[in-house]
Amino acid sequence: MKILGISAFYHDSAATLLVDGKIVASAQEERFTRIKHDKNYPKESIKFCLDYCKLSIDDIDYVCFYEKPFMKFDRLIKTHVSFFPSGYRYFKESMFEWLSSKIFLKRQLIKELKKLSLNSKWNEKLVFSEHHLSHAASAFYPSPFESAAILTIDGVGEWTTTSYGVGKGNKIDIFKEIHFPHSLGLLYSAFTSYLGFKVNSGEYKLMGLAAYGDPIYVDLIKDNLVDIKDDGSFRLDMSYFGYGNSFQMTTKKFHILFGSAPRKPETDISQRDMDLAASIQLVTEQIVMKLSQFVLKETGERNLVLAGGVALNCVANGKLLKEGLVENIWIQPAAGDAGGALGAALATYYKMLKKHRNVNKDDSMQGSYLGPEFTQEEVERSLNDLGANFSVLEDEDLLKTTCNLLINGKAVGWHQGRMEFGPRALGSRSILGDPRSPEMQKTLNLKVKYRESFRPFAPSILYETLSEWFDLDTKSPYMGIVSEIKKIHRKDLHGKDKNFFGMDKLYLQRSSLPAITHVDYSARIQTVHKKTNPKYHALISKFYELTDCPVLINTSFNIRGEPIVNSPKDAFRCFMGTDMDVLVIGNCILKKEDQDSSLFEDYKSHFKLD
Amino acid sequence: MTNQIKKGIVSCFIPILYLLIICPISILLRLINKKFIPTKFDQNKNSYWLLKHEKNGEETEDFNKQF
């Protein structure tokens, strides 16, 4: 049984191929088209999935789209009726988009599929899952649990913004929902927009910024913007929010409440901005905790699985564990809409076709390494075509050389094996650095990634050594959990250091791993496992052997505004357009000083700031 | 060209849809004090959870639907 899952036409289009229940290929369209958050029909991702398994589209038994378009249209119409008479311009533009294409989505999908084959009966093969069912399926079916409570939280699907239910064996039952416009995801996005960051991409920045502030606006938010009940359910006062009937996330009333107009993008960040970020982050954590407590109590389950964009809030996830609210938690690594493609395929296989589910005790995501890979021969051919100067080393030599370069303070591009599915780089398409270096955070942010200096970097740590370095005793292979560095590795702050405020905190060394220790001693942890990524595990093991430090900085292989690199060509271009020192692709190693200077390019200008 | 014509027709149709459908329904709902979407807090409620609407029929049938 071969099932293709598709998510598209909102943001982060993707495709997943499931063969007899096994996830064999998954990729986001942006990685091929090089358009960040590409929302178009995932033509390239589908092509990759089929090519990877050497299948033709006629071999596919079902194609499942991740949401139900008519339900979404119903929501749109009822929203306009509810906000009448305001919002005509918004109505006009959204209706234009819907009536021109989205309302005929089935026809559009069949038209695209027919381009691949006229032989299949697409009308019978094309099915639709609900948006939050797709999220729920992506959270439960690949999880390591036979049964679990399921909680999905995002911006909005058709009507649903939050839902919970139970998964048992191959069954999923969704019990209750919260409907649009009352959305935790959109509340967070409203603050993201108000603080001058882009919706659907700046939320990570807000989360990083929150650690610099004090949550002094929590009461103001809870008294005015969001009413939270004891069971975690919530409602927003829509007079403060514009997203129901305009292109603005917030209204004038919101701006008056917080005392100013929205921050202009790329302007200085004030203490007030940081305090607002800290406040909305804390409110989000409180809601997520209440929701989780309620859902576990209602379902009587000990295991919790999460998906939906809000499940990418790893600080909130970390708090769930820290507070001991949940015994076992599993978070879908592609928790956003891209993961909807995976969920749609899984929902078709297990829920619609009622196929038997075998639980994998590690989980069924295979480390989320589900994307394209390139053979050594392909890498060398590609690098030769690009005019690159490189050496080819044997594995052991490659690891040792790379580690020595890292120890010498070099920023290393690391391109190996299958590309990750989901927003995180997990050691296949990563930029690596030495976390012990006090300068590395600033260097990577400003010279390599060209991004805001306040943003923290994540550590990759050998799973075997996790408990020696962090206050965490559970696996976090997908960077879904934030935890604090252990006290023994922290550095005490003395005298005037304690009086540092806001961004000044950035320049204080807080631990023996300053480059990955955020200002509140937290870190977004990736545990590295030999089983899922042996080469990356071997690299960190070698670094550990040479330095006594089992940790590397791991940041995504891209610059600000750019999708994570996919091919060796993408990696080489990024390498040549930034101050990255070294590039390792497969067994090829490239040093910047060895490259032809005519190949350097103004890379930054190719991408819009996000 | 066909696409341009289609877009033109859609553009003309939108104000008509607004005047003939959105406006009268909205006004009527206001008159009878009904709302599709609650936009304010409700202190009388203990919970904002809504029961998931049970769908009739087979699972396969539901996956075939776009609604």
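Residues numbered from 1 in each chain as written. Chains lettered and ligands numbered in written order. Predicted model: local features only at pLDDT ≥ 70, side-chain atom pairs only at ≥ 80, totals over all residues.

**Thoughts on the overall build of chain A**
Here is the rule we go by: Here a strand is any run of E in DSSP of at least two residues, a helix any run of H or I of at least four, and the numbering for each starts at the N terminus. The globule rule used for comparison is 2.2 Å times the number of residues to the exponent 0.38, while the radius of gyration itself is calculated over C-alpha atoms. The burial criterion counts other C-beta atoms lying within 10 Å of a residue's C-beta, which is placed from the backbone; the residue is buried at 20 or more, exposed at 12 or fewer, and partly exposed between these limits. The contact criterion used is a C-beta to C-beta distance within 7 Å, with each C-beta placed from the backbone.
When helices and strands are counted, chain A shows 20 helices and 21 strands. Taking 610 residues into account, the globule formula puts the C-alpha radius of gyration at 25 Å, and chain A, at 24 Å, falls close to it. Overall, chain A is about 65 × 60 × 50 Å in size when its C-alpha atoms are taken along their principal axes. Relative to its full complement of 610 residues, chain A shows a buried share of 56%. Taking the intrachain contacts of chain A between residues at least 6 apart in sequence as the baseline, contacts between residues at least 24 apart amount to 73%.

**Some remarks on the overall build of chain B**
Summing up its helical and strand segments, chain B has 2 helices and 1 strand in all. The helix and strand sequence of chain B, counted from the amino end, reads α-β-α. Its C-alpha atoms give chain B a radius of gyration of 19 Å, clearly above 11 Å, the size a compact globule of 67 residues would have. Along the three orthogonal principal directions, the C-alpha set of chain B runs to about 55 × 40 × 20 Å. The 67 residues of chain B split such that 6% are buried.

**Thoughts on the interface of chain A and chain B**
Defined as follows: Just so you know the grouping, Ala, Val, Leu, Ile, Met, Phe, Trp, Tyr, Cys and Pro go in nonpolar, Asp, Glu, Lys and Arg go in charged, and all remaining residues, Gly too, go in polar. By definition, two strands form a pair when at least two bridges between them are found by DSSP.
If you look at the interface, chain A gives 40 residues, while chain B gives 34 residues. With 8 residues, the single largest contributor to the side of chain A that touches chain B is helix 3 (residues 69-83) of chain A. Looking at the side of chain A that touches chain B residue by residue, the classes come out as 19 nonpolar, 9 polar and 12 charged. Pairing geometry for strand 8 (residues 171-179) of chain A and strand 1 (residues 50-51) of chain B, over 2 bridges, is antiparallel. Within strand 1 of chain B, the residue paired with Glu 177 of chain A across the bridge is Leu 50 of chain B.

**A short note on helix 13 (residues 314-322) of chain A**
Among the 9 residues in helix 13 of chain A, 8 count as buried, and that is most of the element. Buried within helix 13 of chain A we find Cys 314, Val 315, Ala 316, Asn 317, Gly 318, Lys 319, Leu 320 and Leu 321 of chain A.

**With respect to the environment of Phe 180 of chain A**
All names here are of chain A. Position of Phe 180 among the secondary structure elements: in the loop between strand 8 and helix 8 (184-194). Classification of Phe 180 as buried rests on a count of 21 C-beta atoms within 10 Å. Taking the C-alpha atoms as reference, Phe 180 lies 8.5 Å from Gly 155; in sequence the two are 25 residues apart. Excluding anything up to four places from it in sequence, Phe 180 contacts Arg 75, Val 156, Trp 159 and Thr 161.

**Focus: helix 9 (residues 203-210) of chain A**
Counted residue by residue, helix 9 of chain A has 7 buried out of 8 residues, so it is predominantly covered. Close packing links the buried residues of helix 9 of chain A with helix 8, helix 12 (271-299) and helix 13 of chain A.

**Things to note about the nonpolar core**
All names here are of chain A. Just so we agree on the cut-off: By definition, a nonpolar core groups buried Ala, Val, Leu, Ile, Met, Phe, Trp, Tyr and Cys residues that connect through C-beta atoms lying within 7 Å of each other.
One finds Leu 4, Cys 64, Ile 150, Leu 306 and Ala 345 to be the most contacted residues of the largest nonpolar core, which totals 190 residues. If one sorts the elements of this core by residue count, helix 12 sits on top with 13 residues. Residues within four places of Leu 4 in sequence aside, it is in contact with Ala 15, Leu 17, Ile 46, Cys 49, Ile 60, Val 63 and Ala 345.

**Brief notes about unusual backbone geometry**
Residue and element names in this part refer to chain A. Here the residue pair Phe 84 and Pro 85 is connected by a cis peptide bond, since its omega of 5 degrees sits within 30 degrees of zero. Checked against the element boundaries, Pro 85 lands in the loop between helix 3 and helix 4 (88-100). The omega torsion of the bond from Phe 180 to Pro 181 falls at 5 degrees, within 30 degrees of zero and hence cis. Checked against the element boundaries, Pro 181 lands in the loop between strand 8 and helix 8. Positive phi outside glycine occurs at Gln 366, with the angle close to 55 degrees. Given 19 C-beta atoms within a 10 Å radius, Gln 366 is considered partly exposed. Residues other than glycine seldom take positive phi values, yet Met 479 does so here, at roughly 60 degrees.

**Overview of the sheet that holds strand 17 (residues 481-484) of chain A**
All names here are of chain A. What counts, and what does not: Interaxial angles span 0 to 180 degrees and are taken between N-to-C directions of axes, which are lines fitted to C-alpha atoms, for helices over the stretch in contact.
In spatial order, the strands read 13-21-20-14-15-19-16-18-17; together these 9 strands make up an open sheet with mixed pairing. For this open sheet the edge positions go to strand 13 (391-392) and strand 17, each flanked by a neighbour on one side alone. The sheet contacts of helix 19 (residues 534-547) involve strand 16 (458-462), strand 18 (522-528) and strand 19 (551-556), and relative to strand 16 the element is tilted by about 85 degrees.

**Quick notes on the sheet that holds strand 12 (residues 328-331) of chain A**
Read from one edge to the other, the open sheet built from 6 strands follows the order 12(A)-11(A)-6(A)-7(A)-8(A)-1(B), with strand pairing classed as mixed. The sheet is open, and its two edges are formed by strand 12 of chain A together with strand 1 of chain B, each paired on a single side. Pairing between strand 11 (residues 303-307) of chain A and strand 12 of chain A: 4 bridges, direction parallel. Counterpart to Leu 304 of chain A in the pairing with strand 12 of chain A is Ile 329 of chain A.

**A look at the pairing of strand 18 of chain A**
Residues and elements named next belong to chain A. In terms of residue burial, strand 18 counts as a mostly covered element, since 7 of its 7 residues are buried. Alternating residues of strand 18 divide into Ser 522, Arg 524, Gln 526 and Val 528 and Ala 523, Ile 525 and Thr 527, and every residue in both groups is buried. Examined bridge by bridge, strand 16 and strand 18 share 3 bridges and lie parallel to one another. When the bridges of strand 18 are listed, Leu 462 appears paired with Val 528. Here strand 17 pairs with strand 18 via 4 bridges, running antiparallel. Note that in strand 18 the partner of Glu 484 across the bridge is Ser 522.

**Some remarks on the domain arrangement of chain A**
Residue and element names in this part refer to chain A. We count it as follows: All the domain ranges listed were derived from an automatic or database domain assignment.
Along its sequence, chain A is carved into domain 1 (2-143 + 340-367), domain 2 (184-330) and domain 3 (376-606). A C-alpha centroid distance of 32 Å is found between domain 1 and domain 3. In this complex, domain 1 contributes 9 residues to the contact, which on the side of domain 3 involves 11 residues. Elements represented by at least two residues in the side of domain 1 that touches domain 3 include exactly strand 3 (22-28) and helix 1 (30-33). When residues in the side of domain 1 that touches domain 3 are grouped by element, the largest group, 3 residues, is from helix 1.

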